[in-house]
Amino acid sequence: MESTPEEHHKRLEYCTTRPEYRQGRELKAVKVYTVASESRHLLIFGVPKVNLQSNIKSKLQAFGKLLCCTCVTSEMAKKMELEAFTDVFAVQFERLEQARFAKRKLDASQFYGGILHISYAPERETHAELREKFLIRRNEIDFRLRCNRKEQTPPAIKKTKALNN
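Below is a summary of the structure that appears in this document. (Residues numbered from 1 in each chain as written. Predicted model: local features only at pLDDT ≥ 70, side-chain atom pairs only at ≥ 80, totals over all residues. Heavy atoms only, no water.)

### Here we look at the pattern of salt bridges
Part 1 of the reasoning: Under the counting rule described, the total for this entry stands at eight salt bridges.
Part 2 of the reasoning: A salt bridge links Asp107 to Lys103; its shortest N-O distance comes to 3.7 Å.
Part 3 of the reasoning: Residue class for Lys103 comes out buried when judged on its relative accessible area of 10%.
Part 4 of the reasoning: Between Glu140 and Arg137 there is a salt bridge, and its shortest N-O distance comes to 3.6 Å. Highlighted residues: Glu140 and Arg137, both in helix 5 (residues 127-151), separated by three residues, approximately one helical turn.
Part 5 of the reasoning: Judged by relative accessible area, which is 26%, Glu140 ranks as partly exposed.
Part 6 of the reasoning: Here the salt bridges do not stand alone but share partners, grouping Glu75, Lys79 and Arg124 into one network. (Salt bridge = Lys/Arg side-chain N within 4 Å of Asp/Glu carboxyl O. Buried < 20%, exposed > 50% of the residue type's maximum accessible area, 1.4 Å probe, protein only. Helix = DSSP H or I, 4+ residues; strand = E, 2+ residues; numbered from the N terminus.)

What follows is the structure in structure tokens.
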């Protein structure tokens, strides 16, 4: 798997070997996320180092309510090599869906001359947040299973119920 905890923050190369019908309009780095690796916490790399915290914060607030937005450049510089003259911000959204949408829309986009790289930061979650995330996922799966069972009711049973009424 991953050799260091920070390995999942490195930008991957774009996949160029996919069949043309699966490629889409833009090249993507193909990566699988599990429930445990997705997070409401994001790390935003590549923000130019010219005091842009309020600007990045306002750009992210368009995707949902932010619980915090802090500069963690010095902390991350100890753990991994960073691009020169850029800052790293740790942000936390209120909901996971908001973080997913922000990551999908802003990753590899330009921001004040720099190219943003956004990655999930599950290592910043508390045990309570992790437990809550798993519970929410379990409830979503239960809901989908109930809906699928209702849709798969055989037509013969539906007709007999209708005739009995």
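### Remarks on the packing of aromatic side chains
Part 1 of the reasoning: Inspection of every chain in the model, using the stated rule, returns two aromatic pairs.
Part 2 of the reasoning: Arranged with centres 5.5 Å apart and planes meeting at 70°, the rings of Phe63 and Phe101 form a pair that is edge-to-face. Remark: Phe101 occurs in helix 4 (residues 96-106) and Phe63 occurs in the loop between helix 2 (53-61) and strand 2 (66-71); sequence separation between them is 38 residues.
Part 3 of the reasoning: A cation sits over an aromatic face here: Lys103 above Tyr120, 5.5 Å from the ring centre. (Phe/Tyr/Trp six-rings, centres within 6.5 Å; stacked < 30°, edge-to-face > 60°. Lys NZ or Arg CZ within 6 Å of the ring centre and 35° of its normal.)

### Description of the environment of Arg95
Part 1 of the reasoning: Relative to the helices and strands, Arg95 resides in the loop between strand 3 (86-93) and helix 4.
Part 2 of the reasoning: Residue classification places Arg95 among the partly exposed positions, given a relative accessible area of 45%.
Part 3 of the reasoning: A distance of 3.3 Å separates the side chain of Arg95 from the side chain of Glu97, its partner in a polar contact. (Polar contact = N/O pair within 3.5 Å; in protein donor to acceptor, adjacent residues only side chain to side chain.)

Any link to function would need more than the numbers given here.
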